[in-house]
Each structure stands twice: as C-alpha cells, then as structure tokens.
Amino acid sequence: MAIIEVKSVKKVFKKPVRKPGIIGMFKTLFSLKYDLIEAVKNISFSLEPGEIVGYIGANGAGKSTTIKMMCGILTPTEGEIRVEGYQPYHPKQRRHVLNKIGVVFGQRTQLWWDLPLIESLIILKQIYDVSNQDYKERFDFLNKVLDLEPFLSQPVRTLSLGQRMRADLAASLIHNPKVLFLDEPTIGLDVLVKDRMIKAIKEINKTYETTIILTTHNMDDITDLCHRIIILDEGSILYDGSINHIKKKFGDIRHIRFFSSQEIDLQLLKTKIGHDVDVEIQNGYIELSFDIEKISINQVLKTILNDYVVDDIHIKENSLESIVKKIYETRQI
Amino acid sequence: MRPDKFKKYLAFTKAGILDGFAYKFSAFGWLLGDIISLLILFFLWQAVYKNSPTEAINGMTFHEMIAYLIFARVATSLAFSSISFWIIGDDIYEGNIAISLIRPINYRYRLLSSSFGVFVSTSILMFIPLWTLSMILLNIIIGIPIPGIGTHLLFILSILLSFVIVDSLNFLIGEIAIFTNALFGLMIIKNITFAFLSGSLLPSSYFPDWLSNILKFLPFQSMIEKPIMIFLERLTAREIISSFLVQIFWIVILGFLCNLSFNRLKKRVVSVGG
C-alpha cells in the first residue's frame with residue numbers, strides 16, 4: 001500500500017497586487033485586487049514505504065509548496081493528499097499524521113535557538129511521547145551516524161552550519177517517523193559534512209525503512225541517494241521514474257575532452273568521425289559529445305589518437321546534472 | 001489536560017527556565033533601569049506630598065505610597081516576565097508559525113509553558129531576592145509591617161493568576177503582528193498601556209472616576225494593583241475573594257479568545273502560506 005498518495009493536487013496563492021512606490025503602497029492597502037498564482041497545477045503521484053525519492057525542479061517550480069502540503073502546513077486548493085491514509089492538513093486528521101512525519105528545512109532550524117542540543121532532543125522526546133528505551137536506542141544510532149557527541153551540550157545558536165544541519169536531521173528523527181521530508185538538507189555544506197549527511201540518510205533509510213522525500217539542487221546528492229526522481233516544472237510533473245530510465249531517454253552520451261598543442265580543423269575532425277558528433281572548443285580543450293549507440297568510442301578514440309598529438313584527455317558520461325539542465329532549458333523531456 | 005500530555009509542556013517550562021538563566025545578565029540590566037525609575041518616582045512623589053495640604057492623598061500616606069510603588073515595581077518584573085508576545089511575534093515575522101504546526105502540540109499552551117519557565121527563573125533570579133530586600137528595608141526604614149504567611153500565599157496565588165492574564169494578553173497582542181509586521185512599536189504601545197492601567201505606576205485611586213469605573217470592567221487591574229493591595233492587606237476578605245473570581249473570569253475569557261484567534265490565524269497561514 002502506498003504510504004503517500006497525492007491525487008490531482010492544485011495550489012493557488014492569492015497575492016495582493018502591489019504598485020510600486022510609497023503612493024502605490026497606500027493604494028495597495030485599500031485595494032482588493034489579487035493576482036492568482038498557480039504554484040502547483042494538478043500533480044499526482046504515490047510513494048511506497050521505504051522509497052527514497054528525489055524531488056527536483058528549478059527555483060519556483062512548486063517543490064516546497066508540495067512538501068508543505070504533504071506535511072500539513074498548507075492546504076491544497078483542489079485535490080487531496082493522504083499520508084498513511086490521513087489528510088495532513090485536515091484539522092481533525094492532522095494529529096494522526098504529525099507523529100509519523102519528520103521534516104528538515106535546510107534554510108531554517110527547528111531547534112530551540114538558546115538551548116543546548118541535548119535539551120532540544122529531550123523536549124522532542126517528550127513532545128512525541130517517545131519511551132526511554134526507544135529514545136536511547138535511536139539516540140545512540142543517530143549519535144553514531146551523525147557524530148553529535150562533540151556539540152551535544154552547546155547552545156544551537158553557537159553551532160556551525162554543518163553541525164546545525166546534523167543536529168536538525170537528528171531532531172527530525174528522534175520519534176522515528178515513517179516519512180522524512182528533506183528540503184535542501186545539504187545546502188551550504190562542505191564536502192565532508194555533505195558526505196556524512198548522505199551516508200547518514202542512507203543508513204536511516206536502510207535501518208528504519210524510512211520513506212524519504214528529498215528536494216535539492218545538487219544532482220550528486222540525488223544520484224547518490226535516489227533511484228526514483230520526480231521532476232517538476234512550473235507546477236506540473238515533467239518526469240516521474242528511475243534515474244537510469246531518464247538517462248537512457250536522453251541517450252547514452254559520452255563527452256570526450258582533449259587538449260592538443262596542434263592546430264586542429266574542427267570541420268575536418270567532424271567529418272572524420274561522423275555527423276552525429278557535437279564539437280566545440282572550451283578553454284582550449286576540444287569537446288566531442290556523442291551517443292555511444294550511434295558512434296563507437298573505439299572509432300572516435302582511434303581517430304583522435306592516430307591523427308593528432310594529444311597532451312591530455314578526459315572521458316565523461318552524461319551526468320544527471322546536464323540532463324536536468326537541458327530539461328530546465330527546454331522545459332520538456 | 002491528561003497528565004501524560006501535561007508532561008510535554010513541562011519540557012517547555014524547563015526550557016524557559018534554562019532560557020531565563022541564560023540571559024541572567026540582561027535581567028540585571030533591567031534591574032538597573034528599574035532602580036533608576038524608582039528613584040525618579042520617589043522624588044516625584046516626595047514633591048507631591050510636600051506640597052499637599054493633607055498628610056494622606058486619596059487615602060494613602062507618603063510611606064504607604066512609597067511601599068506601594070516599590071512592591072508594584074518588583075511585582076511588575078515578575079508578572080510581566082511573560083515572553084509569549086516575543087515568541088509569537090517572531091514566529092509570525094519569520095514565517096515560522098507554519099513550521100510550528102508540524103509539532104503535535106498546542107501552540108498556545110506551548111507558549112504559556114515557555115513563559116512560565118521564564119516566570120520561574122525570574123522569581124529565583126530577581127523577584128525573591130528583591131522582594132525580600134524590599135520588605136526588610138521598608139520595615140526597618142519606614143516601619144511597613146511584614147505580612148503573615150497567609151497573606152504571602154494569597155499574594156503568590158494572585159500574582160500567578162495575574163501572570164496568566166498578562167501572558168494571554170501578550171499572546172493576543174502578539175498576533176496583531178500578522179497585520180503590522182512591526183513588533184517593536186507594538187511592544188511600546190503595549191508596555192505603556194499595561195504599565196499605566198495595571199497600577200504598576202500608580203494606584204487606580206488616583207485616576208479620574210470615569211477611568212477607574214471603566215477599568216473595573218477590564219483585566220488590567222488584576223495584573224498588578226490587586227495582588228499588591230492583597231499583599232499590603234488593604235482588601236477585606238470579601239474583596240480578596242472577588243478579586244480572585246475576577247482574575248479567573250478573565251483567564252477563561254482571554255483563554256477562549258486566544259484559542260479562537262489562533263485558530264483563525266492558523267487557517268490563514270495554512271491557506272495563504274506563512
């Protein structure tokens with residue numbers, strides 16, 4: 001059974017029409033004109049327990065709005081969302097959902113600013129009615145994967161961003177939620193902390209079978225964590241499926257970059273290899289992009305190595321990042 | 001509220017106490033300000049009484065007036081220690097109201113519990129030492145009698161109820177931040193109104209009749225004046241009981257208004273976005 005079901009959900013925001021300048025401001029005060037902004041248009045999908053799903057889209061695509069609706073902060077204008085069978089935004093059903101979800105908003109903390117981290121965790125234990133035994137077990141686990149020990153007794157306001165994110169992640173998991181929403185959890189983190197976060201998220205998913213929904217702009221995180229991605233654009237779903245599938249759809253592209261001290265005639269190079277290849281020059285490097293189902297790597301490399309003096313060469317596969325970039329640009333799959 | 005439910009709010013009280021202790025130095029800063037304003041009030045009233053033809057004004061002698069002012073000032077620091085105004089104001093301002101809805105607890109009770117924590121830490125850090133000191137000094141210097149244990153208990157009960165009233169009003173006024181987005185101005189208006197109408201600056205017997213008649217129907221007198229009058233033993237048993245009933249009446253009414261208004265605010269946040 002699906003743990004989260006989103007059925008043709010739509011969200012329209014009413015924004016008062018603002019006029020520029022001070023006089024405009026006063027006019028706004030008394031005007032009743034609203035702009036209707038469709039943040040989310042008719043979205044449907046469902047998630048199975050234990051899945052990790054990457055929820056991606058350009059800024060303003062409606063990701064956060066959907067997440068907020070799924071955790072009951074916003075009410076959909078149309079359609080319905082069910083988490084474990086309950087509507088999270090329904091005043092009466094809300095409490096059935098709240099105990100089962102955890103949320104991390106990368107941009108703001110949910111911890112108590114002036115309290116030592118350990119106190120915040122104890123408060124959360126009380127709020128969610130976690131038994132001593134469960135608390136101990138989970139705390140030990142989180143302490144192990146997130147290494148909280150060094151800053152447990154520091155007030156949250158004195159933590160570094162990396163520490164705070166780990167703390168926030170720990171805080172969202174102390175009641176062992178079935179669903180975890182991560183809204184840009186790695187924003188602004190250095191490589192080491194990011195790796196630790198990613199590892200921890202994987203561990204959590206494996207140990208507790210937590211369903212995880214992740215929004216981020218960092219495609220490496222997505223490739224590391226998710227099998228399935230949902231791509232959102234202007235409030236509609238563009239793609240919902242596996243990462244491998246979308247990569248295939250865009251072709252198995254390889255990029256070969258090489259540097260040669262020789263003068264190279266690009267036109268000639270192109271005719272030698274075949275017309276399906278893209279050739280461009282970037283910072284003195286020549287970059288060839290092609291689909292390996294149409295042109296063999298063997299042939300391309302042979303041509304390059306036989307005909308030119310090569311000082312340096314790289315081969316790269318098509319990354320999710322470049323695919324997503326293309327999708328954002330062309331707004332289609 | 002069921003006892004196991006009560007426990008989670010207790011956690012916030014504990015946090016409030018820790019918070020209060022974390023900012024102990026700012027408490028001392030306020031204290032300094034209070035001492036200065038007390039001195040100003042002292043000289044002001046000294047001048048008033050010197051030029052008065054009678055020894056008592058509105059039924060109070062100079063010494064009684066001074067005792068009232070000092071006790072009122074110290075009690076104000078306790079009764080007004082509520083932080084609900086700031087918490088809800090900041091939460092609205094920074095768009096955190098929505099996030100706070102993720103937690104399975106009642107927001108209003110959470111704030112009251114946090115505030116109560118600050119109430120406790122203020123009692124320990126400031127109120128009890130200052131109150132004791134004031135009692136002893138006033139007794140030695142101008143012979144104000146130290147009341148018995150019964151009066152003390154009644155006073156404590158009264159100031160506790162007063163605290164809940166102040167906190168509820170703070171919560172209601174803090175909610176206005178959703179329209180104004182300006183906490184500081186709101187705070188100044190609120191503080192001046194509270195200080196003046198609650199009897200923190202002077203007892204209501206000094207107000208014109210029409211104003212003190214209106215005040216009888218408002219919650220402000222229950223905040224400072226009534227507890228102090230109980231402490232100074234200027235109320236009869238009947239008046240004491242009725243003052244408690246009035247306080248409980250206001251707690252119920254304001255509690256109802258808090259829940260009603262917060263539900264509306266919640267609806268607005270949930271449908272429009274924090």
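So, here's what we can say about the structure. Since the structure is predicted, the reported quantities are computational estimates derived from the model, not experimental observations.

**Looking at the overall build of chain A**
Point 1. Helix and strand counts for chain A stand at 12 helices and 13 strands.
Point 2. For chain A, the C-alpha atoms occupy an extent of roughly 70 × 55 × 45 Å along the three principal directions.
Point 3. For chain A, the proportion of its 333 residues judged to be buried stands at 34%.
Point 4. When contacts within chain A are restricted to residue pairs at least 6 apart in sequence, long-range pairs at least 24 apart make up 72% of them.

**A closer look at the overall build of chain B**
Point 1. The number of helices and strands found in chain B is 12 helices and zero strands.
Point 2. Counting from the amino terminus, chain B carries its helices and strands in the arrangement α-α-α-α-α-α-α-α-α-α-α-α.
Point 3. The C-alpha atoms of chain B give 20 Å as radius of gyration, which agrees with the globular expectation for 274 residues (19 Å, within 12%).
Point 4. Seen along its three principal axes, the alpha-carbon backbone of chain B occupies a region of about 65 × 35 × 35 Å.
Point 5. Counting over 274 residues, chain B shows a buried share of 38%.
Point 6. For chain B, long-range pairs separated by at least 24 residues make up 84% of all intrachain contacts whose partners lie at least 6 apart in sequence.

**A short note on the interface of chain B and chain A**
Point 1. Of the residues lining the interface, 19 residues belong to chain B; the matching set on chain A comes to 24 residues.
Point 2. By residue number, the principal contributor to the side of chain B that touches chain A is helix H1 (residues 3-22) of chain B, which donates eight residues.
Point 3. For the side of chain B that touches chain A, the class distribution of residues is 13 nonpolar, two polar and four charged.

**Notes on the sheet that holds strand S9 (residues 236-242) of chain A**
Residues and elements named next belong to chain A.
Point 1. Reading across from one edge, S5-S6-S7-S3-S8-S9 is the order of the six strands in this open sheet, with mixed pairing throughout. Looking at which strands have only one partner, the edges of the open sheet turn out to be strand S5 (101-105) and S9. On average, each strand axis in the sheet is inclined to that of its neighbour by 15°, with strand direction left out of account.
Point 2. Two strands pair when backbone bridges link them, and S5 and strand S6 (residues 179-183) are joined in this way by five bridges, in the parallel orientation. Pairing of Gly102 across the sheet is with Leu180, part of S6.

**Structural notes on the sheet that holds strand S12 (residues 285-291) of chain A**
Residue and element names in this part refer to chain A.
Point 1. Strand order across the open sheet formed by four strands is S11-S12-S10-S13, with antiparallel pairing between neighbours. On the outer flanks of this sheet lie strand S11 (278-282) and strand S13 (312-317), each paired with one strand and no other. The sheet shows a mean angle of 20° between the axes of neighbouring strands, taken without regard to direction.
Point 2. In this structure, strand S10 (residues 253-259) lies alongside S13, joined through six bridges in antiparallel fashion. Among the inter-strand pairings, Ile256 is bridged to a residue of S13, identified as Ile315.

**Details of the pairing of strand S3 (residues 52-57) of chain A**
Residues and elements named next belong to chain A.
Point 1. Along S3, six of the six residues are buried, which leaves the element largely enclosed by surrounding structure.
Point 2. Burial along S3 is two-sided: the residues Ile52, Gly54 and Ile56 and Val53, Tyr55 and Gly57 are all buried.
Point 3. For S3 and strand S7 (residues 211-215), the ladder comprises four bridges, and the chain directions are parallel. Bridging from a neighbouring strand, Tyr55 pairs with Thr215 of S7.
Point 4. As paired strands, S3 and strand S8 (residues 228-233) are joined by five bridges and run parallel to one another. Across the sheet, the residue bridging to Ile56 is Ile231, located in S8.

**Brief notes about the packing of helix H4 (residues 84-93) of chain B against helix H7 (residues 149-175) of chain B**
All names here are of chain B.
Point 1. It is at 8 Å that the axes of H4 and H7 come closest, and there the two elements cross at 20°. The pairing of H4 with H7 is recorded here as roughly parallel in orientation. Viewed along their axes, H4 and H7 form a crossing whose handedness is right-handed. Within the contact between the two elements, H4 uses Ser84, Phe85, Ile88 and Gly89 and H7 uses Asp167, Asn170, Phe171, Ile173, Gly174 and Glu175.
Point 2. In the contact of H4 with H7, the residues fall into four nonpolar, four polar and two charged.

**Quick notes on the packing of helix H3 (residues 62-79) of chain B against H7 of chain B**
Residues and elements named next belong to chain B.
Point 1. Two elements in contact, H3 and H7, have axes separated by 9 Å at closest approach and are oriented at 55°. In terms of their interaxial angle, H3 and H7 are classed as oblique. When you trace H3 past H7, the crossing you get is right-handed. Across the interface between the two elements, Ala75, Leu78 and Ala79 from H3 touch Ile159, Ser162, Phe163 and Val166 from H7.
Point 2. The residue makeup of the contact of H3 with H7, split by class, is six nonpolar, one polar and no charged.

**Regarding unusual backbone geometry**
It is generally the case that most residues other than glycine have a negative phi and that most peptide bonds are trans.
All names here are of chain A.
Point 1. With a phi angle near 55°, Asp129 is a residue other than glycine that sits in the positive phi range.
Point 2. Its place among the elements puts Asp129 in the loop between helix H4 (117-127) and helix H5 (132-146).
Point 3. Residue Asp129 is classed as partly exposed on the basis of its 14 C-beta neighbours within 10 Å.
Point 4. Although it is not a glycine, Glu209 adopts a positive phi angle of roughly 55°.
Point 5. Assignment of secondary structure puts Glu209 in the loop between helix H7 (191-208) and S7.
Point 6. Taking the number of C-beta atoms within 10 Å as the measure of exposure, Glu209 has 11 and is therefore exposed.

**Details of helix H9 (residues 183-197) of chain B**
Residue and element names in this part refer to chain B.
Point 1. Under the 1.5 Å per step criterion, the end-to-end length of H9 is 21 Å for 15 residues, consistent within 8% with the ideal 21 Å.
Point 2. Of the positions making up H9, those classed as buried are Leu183, Phe194 and Leu197. Buried residues of H9, viewed axially, fall in a sector of 90°; they line one side. With respect to the buried face of H9, the exposed residues turned more than 90 degrees away are Phe184, Gly185, Ile188, Ile189 and Ile192.
Point 3. On its buried face, H9 is in contact with H4, helix H8 (177-180) and helix H10 (209-215).
Point 4. Following H9 by one or two positions, Gly199 adopts a phi angle in the positive range, close to 90°.

**A closer look at the environment of Glu137 of chain A**
Point 1. Its location among the elements puts Glu137 of chain A in helix H5.
Point 2. Glu137 of chain A sits 114 residues away from Gly251 of chain A along the chain, and the two C-alpha atoms are 46 Å apart.

Parameters and conventions
Residues numbered from 1 in each chain as written. Chains lettered and ligands numbered in written order. Predicted model: local features only at pLDDT ≥ 70, side-chain atom pairs only at ≥ 80, totals over all residues. Helix = DSSP H or I, 4+ residues; strand = E, 2+ residues; numbered from the N terminus. Buried ≥ 20, exposed ≤ 12 C-beta atoms within 10 Å, placed from the backbone. Contact = placed C-beta atoms within 7 Å. Rg over C-alpha atoms; globule rule 2.2 N^0.38 Å. Nonpolar A, V, L, I, M, F, W, Y, C, P; charged D, E, K, R; others polar. Pairing = 2+ DSSP bridges. Axes fitted to C-alpha atoms, helices over the stretch in contact; angles between N-to-C directions. Parallel < 35°, antiparallel > 145°, perpendicular 65-115°, else oblique. Left-handed = near helix turned anticlockwise from the far one by under 90°. Expected span 1.5 Å × (residues − 1). Arc of directions from axis to C-beta.

By themselves these figures say nothing about function.
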